[in-house]
Amino acid sequence: MNRAKSFCISKKVVWEAYKRVKANGGAAGVDDESLEEFDKKLKDNLYKIWNRMSSGTYFPPPVRSVGIPKKHGGERRLGIPTVSDRIAQTVVKMYLEPLVEPYFHPDSYAYRPKKSAADALAVTRQRCWRYDWVIDLDIRGFFDNLDHALTMRAVEKYTQCPWILLYVKRWLEAPVQLEDGTLVPRTKGTPQGGVASPLLANIFLHLAFDDWMRKTHPDVPFERYADDIVAHCKTEKQAQQVLESIKRRLESCRLEAHPEKTRIVYCKDDDRTGRYPNEKFDFLGYTFRPRRSKNRQGKFFVNFTPAISKDAAKKMRQEMRRWRINLRSDKAIDDLARMWNPVLRGWIQYYGRFYKSALYPTFRHFNDLLVRWAMRKYKRLRRHHRRAHHWLGGVACRDPRLFAHWHLLGVTPAAG
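1. What about the overall build of the protein chain?
For the protein chain, the count of helices and strands is 15 helices and 11 strands. Judged by the C-alpha coordinates and their principal axes, the protein chain covers about 75 × 60 × 35 Å. The burial tally for the protein chain puts 50% of its 416 residues in the buried class. Within the protein chain, counting contacts between residues at least 6 apart in sequence, those at least 24 apart form 68% of the total. Put simply, the protein chain shows about 21,600 Å² of open surface, and 49% of that area lies on carbon and sulfur atoms. For the protein chain, the distance from the average position of its 78 positive side-chain charges to the average position of its 46 negative side-chain charges is 6 Å.

2. Re the sheet that holds strand β1 (residues 63–69)
Strand order in the open sheet formed by 4 strands is β2-β1-β4-β5, and the pairing between neighbours is mixed. Edge positions in the open sheet fall to β2 (75–80) and β5 (183–184), since each of these has one partner strand only. Relative to β2, β1 is paired through 6 bridges, and the arrangement is antiparallel. Across the sheet, the residue bridging to S65 is G79, located in β2.

3. Some details on the sheet that holds strand β11 (residues 300–308)
In space, the 3 strands of this open sheet follow the order β9-β10-β11, with antiparallel pairing throughout. One side of each edge strand has no neighbouring strand; the edge strands of this open sheet are β9 (281–283) and β11. The sheet shows a mean angle of 50 degrees between the axes of neighbouring strands, direction not considered. Judged from the 3 bridges that link them, β9 and strand β10 (residues 286–294) form a sheet pairing that is antiparallel.

4. Things to note about the side chain of N303
The topology assignment puts N303 in strand β11. Beyond its immediate stretch of four places on either side in the chain, N303 contacts W129, D269, R289, P290, R291 and S293.

5. What to know about helix α14 (residues 385–398)
Helix length check: α14 (14 residues) gives 20 Å between terminal C-alpha atoms against 20 Å at 1.5 Å per residue, within 8%. Considered for burial, the residues of α14 that qualify are A388, H389, W391, L392, G393, V395 and A396.

6. Brief notes about the packing of aromatic side chains
Overall, the coordinates contain 28 aromatic pairs when judged by the stated rule. Ring plane angle 50 degrees and centroid distance 5.2 Å describe the contact between Y378 and W391, whose orientation is recorded as tilted. Remark: W391 occurs in helix α14 and Y378 occurs in the loop between α13 (360–377) and α14; sequence separation between them is 13 residues. Residue Y378 is classed as partly exposed on the basis of its relative accessible area of 22%. The buried category is assigned to W391, whose relative accessible area is 19%. Within the aromatic cluster, the residues linked to one another by ring pairs are W323, W340, W347, F366, F403 and W406. Looking at R170, its charged tip hangs above the ring of F59, at a distance of 3.7 Å from the centre. In this structure, R380 is placed above the aromatic ring of Y378, and the distance from its NZ or CZ to the ring centre is 5.2 Å.

7. Some thoughts on a negative patch on the surface
A surface patch of negative charge is lined by D31, D32, E36 and E37. Residue D31 is classed as partly exposed on the basis of its relative accessible area of 38%.

8. Description of the packing of helix α11 (residues 310–322) against helix α12 (residues 333–351)
Close contact between α11 and α12 brings their axes to 12 Å; oriented N to C, the two are set at 175 degrees. With respect to each other, α11 and α12 are oriented roughly antiparallel. Packed against α11, whose contacting residues are A312, M316, E319 and M320, the element α12 presents L344, W347 and Y351 at the interface. The residue makeup of the contact of α11 with α12, split by class, is 6 nonpolar, no polar and 1 charged.

9. Remarks on the nonpolar core
With 53 residues, the main nonpolar core has F281, I325, L344, F366 and F403 as its most contacted residues. F366 has contacts with M320, W323, I325, W340, L344, F403 and H405, leaving out every residue within four places of it along the chain. Counting 39 residues, the second-largest nonpolar core is a separate cluster that includes L42, M152, Y167 and L207.

10. Some remarks on helix α9 (residues 197–216)
Relative to the 28 Å expected for 20 residues at 1.5 Å per residue, α9 spans 27 Å between its end C-alpha atoms, a close match to the ideal helical length. By the largest-angle criterion, H206 marks the main kink of α9, which is about 50 degrees. Of all 20 residues in α9, 17 are buried; the element is thus mostly enclosed.

11. Describing a positive patch on the surface
A surface patch of like charges, here positive, comprises R376, K379, R382 and R383. Note on placement: K379 falls in the loop between α13 and α14.

12. Here we look at the state of the cysteines
A complete count under the given rule lists 0 disulfides for this structure. Note on C161: no disulfide assigned, nearest cysteine sulfur contributed by C8 at a separation of 9.3 Å.

13. Focus: the packing of helix α4 (residues 83–100) against helix α8 (residues 162–173)
A pair of packed helices is characterised by two quantities: the angle between their axes and the separation of those axes. Interhelical geometry of α4 versus α8 gives an angle of 135 degrees and a closest axis separation of 11 Å. In this view, α4 runs oblique relative to α8, as classed from their interaxial angle. Relative to α8, α4 is oriented so that their crossing is left-handed. Taking contact as the criterion, the partners of D85, A88, Q89, V91, V92, Y95 and L96 in α4 are, on α8, W163, I164, Y167, V168 and W171. Here the residues of the contact of α4 with α8 are counted per class, giving 10 nonpolar, 1 polar and 1 charged.

Basis of the calculations
Residues numbered from 1 in each chain as written. Predicted model: local features only at pLDDT ≥ 70, side-chain atom pairs only at ≥ 80, totals over all residues. Heavy atoms only, no water. Helix = DSSP H or I, 4+ residues; strand = E, 2+ residues; numbered from the N terminus. Buried < 20%, exposed > 50% of the residue type's maximum accessible area, 1.4 Å probe, protein only. Contact = heavy atoms within 4.5 Å. Areas by Shrake-Rupley, 256 points an atom, 1.4 Å probe, with all protein chains shown as cover. Lys, Arg positive; Asp, Glu negative; His and termini not counted. Charge placed at Lys NZ, Arg CZ, Asp CG, Glu CD. Pairing = 2+ DSSP bridges. Axes fitted to C-alpha atoms, helices over the stretch in contact; angles between N-to-C directions. Expected span 1.5 Å × (residues − 1). Phe/Tyr/Trp six-rings, centres within 6.5 Å; stacked < 30°, edge-to-face > 60°. Lys NZ or Arg CZ within 6 Å of the ring centre and 35° of its normal. Patch = residues over 30% accessible without salt bridge, like charges linked within 9 Å, V, L, I, M, F, W, Y side chains within 5 Å. Salt bridge = Lys/Arg side-chain N within 4 Å of Asp/Glu carboxyl O. Parallel < 35°, antiparallel > 145°, perpendicular 65-115°, else oblique. Nonpolar A, V, L, I, M, F, W, Y, C, P; charged D, E, K, R; others polar. Core = buried A, V, L, I, M, F, W, Y, C linked by side-chain atoms within 4.5 Å. Bend = angle between axes of the 7 residues up to and from the residue. Disulfide = S-S within 2.5 Å. Left-handed = near helix turned anticlockwise from the far one by under 90°.

In structure tokens:
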């Protein structure tokens with residue numbers, strides 16, 4: 001270490017942070033510098049980051065803010081730091097995460113090593129079978145309303161490292177730059193899209209919710225993925241009491257349970273036959289509700305279980321339409337498979353874990369897009385939808401593995 005430096009930060013960690021940022025890709029920030037442009041002076045750029053962070057003179061630039069439409073109207077603001085700032089944030093994350101990770105609750109699943117949304121869904125499914133009631137908790141504008149002073153107190157509980165605390169504070173206070181160039185000071189919140197934001201959110205909610213639940217309501221299991229939370233109760237009365245307790249806790253942490261989106265849900269099935277206003281909830285792209293299922297003996301029964309949500313399926317169809325497959329008549333069908341199979345496999349891997357037959361209509365829509373492509377590409381199939389449909393069915397019979405969904409889900413054009 002250079003003894004003239006105020007803080008001991010490893011150059012190797014800066015290099016490793018760069019490699020992680022490079023692997024994740026991402027858009028340019030307020031300086032319009034892309035990863036490719038950053039790479040042109042890679043050695044100098046990485047040295048500047050290390051030098052400034054080590055001497056305490058690193059000040060994060062404003063975060064570029066872009067609006068992302070919400071499914072129920074309005075928009076969510078996504079923050080895009082510069083490439084250099086993403087690397088600097090990753091450096092802090094690499095030092096801070098090992099300090100806090102051992103303390104995190106086992107039912108916190110977001111942005112953690114060896115944990116995933118699929119793990120959270122599997123545990124939620126099992127607990128919905130054992131517990132009759134669910135608290136579907138929505139924290140209003142969590143990332144926008146995160147209190148800076150409380151966040152710093154939470155981080156200080158796990159480290160007194162001066163440079164980590166210095167840069168976390170500076171990132172929390174860094175202004176936001178809107179699309180028109182206006183700079184907006186930030187007195188609360190942390191931008192969604194920042195590298196450090198997910199870790200700060202987990203640290204905050206571990207103390208504000210996870211550990212508090214463990215101490216205050218030890219008999220109420222829950223699953224948390226960032227600020228998406230589901231808690232399980234035995235009775236409706238217990239759910240009501242626990243929800244009121246959670247609301248008070250959130251208020252003390254300067255947060256609020258969303259009054260319209262937070263609900264108590266009844267997990268109805270063949271053995272739980274009551275009638276209640278709320279008998280379904282959404283969690284991580286899945287809708288949990290009563291569904292007709294078949295047991296190992298072939299008998300049907302009603303089961304409270306997850307399947308892909310309507311909103312998630314709609315987004316998949318919208319993405320498929322954005323591909324404009326029918327206009328790609330210059331491509332062979334093998335080319336289309338190579339282009340889109342990685343995406344199709346990703347969807348199947350995530351949304352096909354539970355009740356995968358709910359995916360069939362969406363993939364039949366993809367087959368319809370392939371039929372339109374065939375009608376445009378081949379003259380003999382133009383204006384002959386049925387003939388094009390059978391042609392695609394023939395391709396599927398000869399090569400059922402060509403498209404990922406044909407083989408894995410048993411959804412062939414002939415079945416559409």
